[in-house]
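# A closer look at the structure
The residues making up each chain are set out below.
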Amino acid sequence: MVVEPRPHRRLSRWWAALAGVVAAGAGLALGELVAAWVAPGSSPVLAAGGAVVDSVPGWLKNLAVDWFGTHDKAVLLGTMGVVLAAGAALAGVLELRRPPWGAVLMGAVGVVGAVVAVGRPGANAAWATPSVVGIGAGVVLLRLVARRLRVWSGAQVRAGAPGADDEWRRAAERDATLDRRGFLLVTGLTAVGAVLAVVASRAVGAGARAVQTARAALRLPTPAKRAPAVPAGADFHIDGLASYITPDDSFYRIDTALRVPLVDPDTWSLRITGLVDNPFTLTWADLLALPLEEHHLTLACVSNFVGGDLIGNALWLGYPLRSLLARAKPHADADMVLSSSADGFSAGTPLEVMLDPGRESLLAIGMNGQPLPYEHGFPARLVVPGLYGYVSATKWVTEMKVTKFADDIAYWTLRGWSERGPVKLESRIDVPSDGGVVTPGSDGTVVVAGIAWEQHTGIRGVEVQVDDAPWQPATLAETVGPDTWRQWRYAWDAKGSGTGQHTLRVRATDADGHVQTSDVEPPPPNGATGWHTIQVAVK
Ligand SMILES: Nc1nc2c(c(=O)[nH]1)N[C@H]1C(S)=C(S)[C@@H](COP(=O)(O)O)O[C@H]1N2
Ligand SMILES: [Mo]
């Protein structure tokens, strides 16, 4: 019987942990490569991350948005990376000390990954392949490097064994050097393989390239009905104040997709189904051939805090949803449209809102004169004036099912948010910034400015309050109509208020005469309320 000497414990433990991380990394990288063929969503990391996103409770989602804003996805992926690395390091040490338990642990994670991937929206059995192939390779590599490591540390122990004569020790030291090289070589090659696999998986994304080519080649059709021109007076052009039109690249992005879905317009279609006399499927060519209309509309997220920036205003180009639905002929007892996306998100919108002849709800393909950016739903999404995004603005939309609120439940409603999500009357101070220091101008004033909104109702007035002085009317900018936010400005007599700390508050009045409530509500379950209040020091 050959007795393997006890490995040199401390040193080899770290090497084993490293070997575990490298082997797992290579496995995951290979998984990415295979996923590039199978389907982007089948990547073990994305599938697992997506499952986490879909299973977090509403309060946690909100906390994540609160803490990390639109970086919540990066934080999630980073956390997953740390957890995976720790698990892989553990598997490495286990495999060194108690083979084959490290390999078993890694294999078990792979099985979980495969099961999760197959359960993702739009998945089929093939979605298990990246996890199986990737983690399978990870397990083989782990066994390989762990064996090398055992040999190396065995030789090391022999070299340091008491009572050995010099020649024996020198031989053992030579062995140790060779075995260390063997271990480092295998581990290094594995790491290089992992990097190559990642690079290749990016290059192989030929499907992604096809989509990019399609978007680059797309010329938006000339609108059959143009939006009214934006009046010059709609934007005060004040530094720090949100511009009337939000450029695409600074438009907030909120969705559950860890990787932006890349949908090829040539294979895209929108199915109108459910409680309709005439279900039909609209192809990309069909959509481009329809008379499209332009409309300015402000989109807001229900998760926005008072004073937050999850809101933007854009010019949308699309086909009216009411016309699309009219063609499908909805049944009289239907009251909801459940729209769903290529990546498994869904929103439930009141049917009467989408059918409302006075409301420009669109199946949009253009944003500010360009095809929709990928992050904002290319090739097609919904936008509905007056509703928060979570109940209306489905990006990468592929189906509209006419149904009843009693029979169907949408993504966020299932997670505790309200079934209906009309936007609430709100306003925000953009300048000066909260906690800032201001110097009054030569006339003694400081410009205070911001935005106010209640889409589809519109804003009639905005007032500002300094400390406990009476509310003062602000000057409103012009607007194209009630479906967008409105800028406001107020010349604050900061000199008159005096040096030191001051509190500024804002409240809006909508076109119906309702004054914005001071009741403070958090975003869940249907949108925050309260007056945006800031502190400013006058110098
Ligand atoms: N497919 C998909 N569409 C979606 C979402 C999503 O998670 N997935 N989020 C919705 C929410 S909550 C909001 S606020 C808007 C945000 O749209 P934007 O990212 O273009 O600003 O998209 C809506 N449409
Ligand atoms: Mo949202």
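It should be emphasised that the depicted structure is a prediction, and the values quoted were computed from it without experimental measurement.

### Things to note about the overall build of the chain
Tallying secondary structure elements over the chain gives 12 helices and 19 strands in all. Dimensions along the principal axes, computed over C-alpha positions, put the chain at roughly 95 × 70 × 40 Å. Per-residue burial over the chain gives 51% buried out of 539 residues. By sequence separation, contacts in the chain at least 24 residues apart represent 76% of the contacts at least 6 residues apart. When the accessible surface of the chain is split by element, carbon and sulfur atoms take 59% of a total near 24,100 Å². Of the charged side chains in the chain, 47 are positive and 50 negative; the average position of the first set lies 12 Å away from that of the second.

### Quick notes on the nonpolar core
In this structure, L270, L287, W316, L324, L363 and M400 are the most contacted members of the largest nonpolar core, which totals 79 residues. For M400, the residues in contact, after removing those within four places along its chain, are L270, R271, I272, T273, L321, L324, L325, V337, L338, S339, M354 and L382. Counting residues in hydrophobic clusters, the runner-up holds 21 residues, among them V462, Y490, A494 and I534.

### Re unusual backbone geometry
At the junction of F378 and P379, the peptide bond is cis and its omega measures out at 10 degrees in the coordinates. Within the secondary structure, P379 is located in the loop between β8 (370-371) and β9 (381-383). Unusually for a residue other than glycine, H456 sits at a positive phi of about 80 degrees. If you trace the backbone, H456 turns up in the loop between β13 (446-453) and β14 (459-466).

### Side note on helix α2 (residues 44-55)
Helix length check: α2, at 12 residues, gives a terminal C-alpha distance of 17 Å against a target of 16 Å (1.5 Å per residue), a fit within 8%. The set of residues buried in α2 consists of P44, L46, A47, G49, G50, V53 and D54.

### Re the packing of helix α5 (residues 101-118) against helix α6 (residues 129-160)
At a minimum axis separation of 9 Å, α5 and α6 run at an interaxial angle of 175 degrees. The orientation of α5 relative to α6 falls into the category roughly antiparallel. The segment α5 lies against α6, with G102, A103, M106, G107, G110, G113 and A114 engaging S131, V132, I135, G138, V139, L142 and R143.

### Remarks on the site of ligand 1
What surrounds ligand 1 is a group of 19 residues, the closest being Y252, T256, H376, R381 and K395. Between T256 and ligand 1, the recorded distance is 2.9 Å, taken from a backbone N or O atom to an oxygen atom. Take H376: an N or O atom from its side chain is 2.6 Å from an oxygen atom of ligand 1. Protein chains bury 100% of the 530 Å² of accessible surface belonging to ligand 1 in isolation. Looking at the shell around ligand 1 residue by residue, the class counts come to 9 nonpolar, 5 polar and 5 charged.

### Some details on the pairing of strand β2 (residues 280-283)
Side chains F280 and L282 project from β2 onto a buried face, and the interleaved T281 and T283 project onto a face without burial. Of the pairings in the sheet, the one linking strand β1 (residues 269-274) to β2 comprises 4 bridges and is antiparallel in character. Bridge pairing links I272 to F280 in β2. Following β1, the chain reverses through 5 residues before pairing antiparallel with β2.

Conventions we followed
- Residues numbered from 1 in each chain as written.
- Chains lettered and ligands numbered in written order.
- Predicted model: local features only at pLDDT ≥ 70, side-chain atom pairs only at ≥ 80, totals over all residues.
- Heavy atoms only, no water.
- Helix = DSSP H or I, 4+ residues; strand = E, 2+ residues; numbered from the N terminus.
- Buried < 20%, exposed > 50% of the residue type's maximum accessible area, 1.4 Å probe, protein only.
- Contact = heavy atoms within 4.5 Å.
- Areas by Shrake-Rupley, 256 points an atom, 1.4 Å probe, with all protein chains shown as cover.
- Lys, Arg positive; Asp, Glu negative; His and termini not counted.
- Charge placed at Lys NZ, Arg CZ, Asp CG, Glu CD.
- Core = buried A, V, L, I, M, F, W, Y, C linked by side-chain atoms within 4.5 Å.
- Expected span 1.5 Å × (residues − 1).
- Axes fitted to C-alpha atoms, helices over the stretch in contact; angles between N-to-C directions.
- Parallel < 35°, antiparallel > 145°, perpendicular 65-115°, else oblique.
- Near = heavy atom within 4 Å.
- Polar contact = N/O pair within 3.5 Å; in protein donor to acceptor, adjacent residues only side chain to side chain.
- Nonpolar A, V, L, I, M, F, W, Y, C, P; charged D, E, K, R; others polar.
- Pairing = 2+ DSSP bridges.

Keep in mind these values describe shape, not function.
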